[in-house]
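Now for the letters of each chain:
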Amino acid sequence: MLVVSRKVDESIVIGDGIKIKVLRVGREGVRLGITAAPHVPVHRGEIYDAIKRANESAAAPDASVESLVARLRASQKRH
Amino acid sequence: MSTEVGSVPADTAVIAFADGLPGFEHQRRFVLLSGPSFEPFTILRGLGPDAPSFATIDPRTVVPDYAPRLGPQDLARLDAAPGDALVWLAIVSLDASGEATANLRAPVVVSPASLRGVQLIDININADAGSDAPAPQYRFDHPLRAA
């Protein structure tokens, strides 16, 4: 891992066109400004990981997704 | 065209997810399958060997006033303009107790015009708020009641 010290208003540039600037440093955390092309997805790490876990537990192997839907339909009828 | 998956009709449009889905970043091609035997669900089926598939539902059948914001980045990734018709899908799963839940916090959005899809992630929704916008109220595991 590359470790770099930065002060407020200083930034780092990653690759071609991704810039991360330190806007504020406080007791509660660091506020960052990220500049990237519109097609570059930018995510909070812990939220991305939570979505990843949700997707992994929801994913069905190709052959079984229809039986998952059948079970879901059955679970709906119970309500 | 889609002969690699026998149960997908040959004329089904392939939707491109440029970034895949979190956890399945390399799965870029999906089709949507719906029909009377699936209602109210729609299948988001990955194409290719060992591809993941998902059961999904229109989030507005779960929460009628569901209206998360779509930021400019999301529209750019969908190659869509504000006001374009978009298909919204919440991924559904069954938990250990057999309770069905829908992921309303990270919906999948598809543009039928560009045939592109993305899964929304909070920071994109709030990207242009310019301040500490409150986190969306929607849950990863919203209980699914009879639709």
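Residues numbered from 1 in each chain as written. Chains lettered and ligands numbered in written order. Predicted model: local features only at pLDDT ≥ 70, side-chain atom pairs only at ≥ 80, totals over all residues. Heavy atoms only, no water.

Visitor: Please provide a residue-by-residue account of the packing of aromatic side chains, values included.
Guide: Residue and element names in this part refer to chain B. Following the criterion strictly, the structure yields four aromatic pairs over all chains and no others. Aromatic side chains phenylalanine 24 and phenylalanine 54 sit 5.8 Å apart centroid to centroid with 75 degrees between the ring planes, which places their arrangement in the edge-to-face category. Here the residue phenylalanine 24 occupies a position in the loop between β1 (15–16) and β2 (29–33), and phenylalanine 54 occupies one in strand β4 (residues 52–57), the gap between them amounting to 30 residues. The class of phenylalanine 54 is buried, set by a relative accessible area of 0%. Measuring from ring centre to ring centre gives 6.3 Å for tyrosine 66 and tryptophan 88, while their planes differ by 85 degrees; the resulting arrangement is edge-to-face. Within this pair, whereas tyrosine 66 is found in the loop between α1 (59–62) and α2 (72–78), its partner tryptophan 88 is found in strand β5 (residues 87–94), the two being separated by 22 residues in sequence. Taking relative accessible area as the criterion, tyrosine 66 reaches 1% and is therefore assigned buried. (Phe/Tyr/Trp six-rings, centres within 6.5 Å; stacked < 30°, edge-to-face > 60°. Helix = DSSP H or I, 4+ residues; strand = E, 2+ residues; numbered from the N terminus. Buried < 20%, exposed > 50% of the residue type's maximum accessible area, 1.4 Å probe, protein only.)

Visitor: Could you give an account of the confidence of the model for chain B, with specific residues and numbers?
Guide: All names here are of chain B. Residues with a pLDDT of 70 or more make up 82% of chain B, whose mean pLDDT is 83. Least confident of the elements in chain B is helix α3 (residues 122–125), whose mean pLDDT is 49; most confident is β1, at 97. Low pLDDT (under 50) marks residues 123–131, which in the prediction has 19 contacts with non-local residues, meaning those over four places away or in another chain. Of the two predicted TM-score estimates for the complex, the pTM is 0.82 and the ipTM is 0.82. (pLDDT = per-residue confidence, 0-100. Contact = heavy atoms within 4.5 Å.)

Visitor: Break down the nonpolar core for me, with residues and values.
Guide: Side chains that are nonpolar tend, in soluble globular proteins, to be buried together. Grouped together as the largest cluster of nonpolar side chains are 31 residues, with contacts concentrated most on Ile57, Val92 and Leu144 of chain B. Counting only elements with at least two residues in this core, the list comes to α2 (65–78) of chain A together with β2, β3 (41–46), β4, α2, β5 and β6 (100–111) of chain B. For valine 92 of chain B, the contacting residues outside a window of four places in its chain are Ala58 and Leu72 of chain A together with Phe41, Ala55, Thr56, Ile57, Thr101, Ala102 and Leu144 of chain B. Membership of the second largest hydrophobic core comes to twelve residues, among which are Phe17, Phe24, Ile91 and Val108 of chain B. (Core = buried A, V, L, I, M, F, W, Y, C linked by side-chain atoms within 4.5 Å.)

Visitor: Give a detailed account of a nonpolar patch on the surface, specifying residues and quantitative values.
Guide: Residue and element names in this part refer to chain A. Where nonpolar side chains cluster on the molecular surface, the patch consists of Val8, Val25, Val30, Leu32 and Ile34 and spans about 420 Å² of accessible area. No other element matches the three residues that strand β3 (residues 30–35) contributes to the nonpolar patch. For isoleucine 34, the position within the fold is in strand β3. (Patch = residues over 30% accessible without salt bridge, like charges linked within 9 Å, V, L, I, M, F, W, Y side chains within 5 Å. Areas by Shrake-Rupley, 256 points an atom, 1.4 Å probe, with all protein chains shown as cover. Salt bridge = Lys/Arg side-chain N within 4 Å of Asp/Glu carboxyl O.)

Visitor: Describe the interface of chain B and chain A, naming the residues involved and giving the relevant values.
Guide: Listed per partner, the contact involves 49 residues of chain B and 31 residues of chain A. For the interface between chain B and chain A, the tally reads one salt bridge. Here arginine 45 of chain B makes a salt bridge to glutamate 66 of chain A, at a shortest N to O gap of 3.4 Å. Where chain B meets chain A, there are eight residue pairs in polar contact (both at pLDDT 80 or more). (Polar contact = N/O pair within 3.5 Å; in protein donor to acceptor, adjacent residues only side chain to side chain.)

Visitor: How would you sum up the sheet that holds strand β1 (residues 11–14) of chain A? Please name residues and give values.
Guide: All names here are of chain A. Sheet architecture is open: three strands sit in the order β1-β2-β3, paired in antiparallel fashion. Taken across any chain shown, the strands that pair with only one partner, and hence form the sheet edges, are β1 and β3. On average, adjacent strands in this sheet sit at an angle of 20 degrees to one another, irrespective of strand direction. Note: strand β2 (residues 18–25) against β3, six bridges, orientation antiparallel. Within β3, the residue paired with isoleucine 20 across the bridge is isoleucine 34. (Pairing = 2+ DSSP bridges. Axes fitted to C-alpha atoms, helices over the stretch in contact; angles between N-to-C directions.)

Visitor: For the pattern of salt bridges, give the residues involved together with the corresponding values.
Guide: Note that side chains of opposite charge can pair when their charged atoms are close. Under the counting rule described, the total for this entry stands at five salt bridges over all chains. The salt bridge partner of arginine 6 of chain A is glutamate 10 of chain A, with a shortest N-O separation of 3.4 Å. Under the relative-accessibility criterion, arginine 6 of chain A is labelled partly exposed at 38%. The salt bridge involving aspartate 74 of chain B is made with arginine 77 of chain B; its shortest N-O contact spans 3.9 Å. With aspartate 74 of chain B and arginine 77 of chain B both in helix α2 and three residues apart, the pair spans about one turn of that helix. Note on arginine 77 of chain B: relative accessible area 10%, which makes it buried. A cluster of three or more residues bridged by salt bridges with shared partners is formed by Asp19, Asp74 and Arg77 of chain B.

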